[in-house]
Amino acid sequence: MNLSQRFLHTTAVSNYASGSGGFNRVITQLEKIVRDDCKSGKVDHGFCLLGEIIKRGYHPDTVTFNTLIKGLCIKGGIEPAFKLFAEMTHTGIRPDAYTCNALIHGLCKTGEVGLAIQLKIKMVKWNCRPNDVSYSVILDALCKGELVDEAVILFSEMLRDINVVPNVVVYTSLISGLCNSGRFSEGKRLFDEMISSGICANIMIGTFLCLM
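Below, the structure is looked at part by part. (Residues numbered from 1 in each chain as written. Predicted model: local features only at pLDDT ≥ 70, side-chain atom pairs only at ≥ 80, totals over all residues. Heavy atoms only, no water.)

**Describing helix H11 (residues 184-196)**
It helps to recall that an α-helix has 3.6 residues per turn; residues three or four apart then point in one direction. Heads up, the rule is: Strands are runs of DSSP state E lasting at least two residues, helices are runs of H or I lasting at least four, and both sets are numbered from the N terminus onward. Here the expected length of a helix is defined as 1.5 Å per residue gap, with one fewer gap than residues. Relative accessibility under 20% of the residue-type maximum defines a buried residue, over 50% an exposed one, and the middle range a partly exposed one, all with a 1.4 Å probe and only protein chains included. The arc in question is the one traced by the directions running from the helix axis out to the C-beta atoms.
Helix length check: H11, at 13 residues, gives a terminal C-alpha distance of 18 Å against a target of 18 Å (1.5 Å per residue), a fit within 8%. Those residues of H11 not exposed but buried are Gly187, Leu190, Phe191 and Met194. Buried residues of H11, viewed axially, fall in a sector of 105°; they line one side. In H11, the exposed residues that point more than 90 degrees away from the buried face are Ser185 and Ser196. Where H11 ends, the next residue or the one after it, glycine 198, has phi of about 90°, a positive value.

Structure representation (structure tokens):
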């Protein structure tokens, strides 16, 4: 933790303890430090600050938990991320799509695509719905893992979901997966469907198909 962060750390804690500066100011300082620490990979520092604030009666909100969970997942700490997630839900704080997507990304990053799919299914339990990010992360992981049939099934499910519209990222992942597995005609058909839907192809997939 650098000097400026230490200063903010001390200020946030002392402000809360003394009642000066106002509650909102403390929260703003907390969120800034936690975000900065997580972005720089120093998730432990964020937890240290969070622990001190909790001791003084502060109850973290969804944004704070999301920041820490995402930081843990980026760092590869999927198990502690799920422990924090369990604590979050246990204290009555409802996760949102951002929370679940961070965990889905962390699971896919560690090769646990099956668990990521299960988590996507359970999202309705917390009254949040899978969005384009939820689907695209899992689709990409399935295709890269050569599980193209499963990716096609998930894409079909996505098309039936009236709350989600496939974007160029989703189409690119699936088209690449189909073509890389030798299913060029299916990839070309999906490409044509994408264009007819009014979605512009990116340079990568356009060049790839031109070379077929």
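That covers the picture; the talk isn't over yet.
**Observations regarding the nonpolar core**
To keep things clear, this is the line we draw: Working definition of a nonpolar core: buried Ala, Val, Leu, Ile, Met, Phe, Trp, Tyr and Cys residues. They are joined through side-chain atoms within 4.5 Å. The contact definition used throughout considers only heavy atoms, calling two residues in contact when any of these lie within 4.5 Å.
Among the nonpolar cores identified, the biggest contains 47 residues, and Ile69, Leu103, Ile104 and Ile138 are the most heavily contacted of them. Not counting the four nearest positions on each side in its chain, leucine 103 is found in contact with Ile69, Cys73, Ile78, Ala81, Phe82, Phe85 and Leu119.

**Description of the packing of aromatic side chains**
Selection rule: Centre distance within 6.5 Å is the pairing criterion for rings of Phe, Tyr and Trp, where only the six-membered ring of Trp is used; planes under 30 degrees apart are then read as stacked, over 60 as edge-to-face, and the remainder as tilted.
Applying the stated criterion across every chain, the model contains three aromatic pairs. Measuring from ring centre to ring centre gives 6.2 Å for phenylalanine 82 and phenylalanine 85, while their planes differ by 75°; the resulting arrangement is edge-to-face. Remark: phenylalanine 85 and phenylalanine 82 occur in helix H5 (residues 78-90); sequence separation between them is three residues, near one turn of the helix. Looking at phenylalanine 85, the relative accessible area reads 6%, which means it is buried. A centroid spacing of 5.4 Å and a plane angle of 70° characterise the contact between phenylalanine 155 and tyrosine 171, whose relative ring orientation is edge-to-face. Here phenylalanine 155, found in helix H9 (residues 148-160), pairs with tyrosine 171, found in helix H10 (residues 168-180); they are 16 residues apart in sequence, far enough to count as distant. Side by side, phenylalanine 155 and tyrosine 171 carry an identical accessibility label, which is buried. Put simply, the rings of Phe82, Phe85 and Trp126 touch in pairs and so form one group of aromatic residues.

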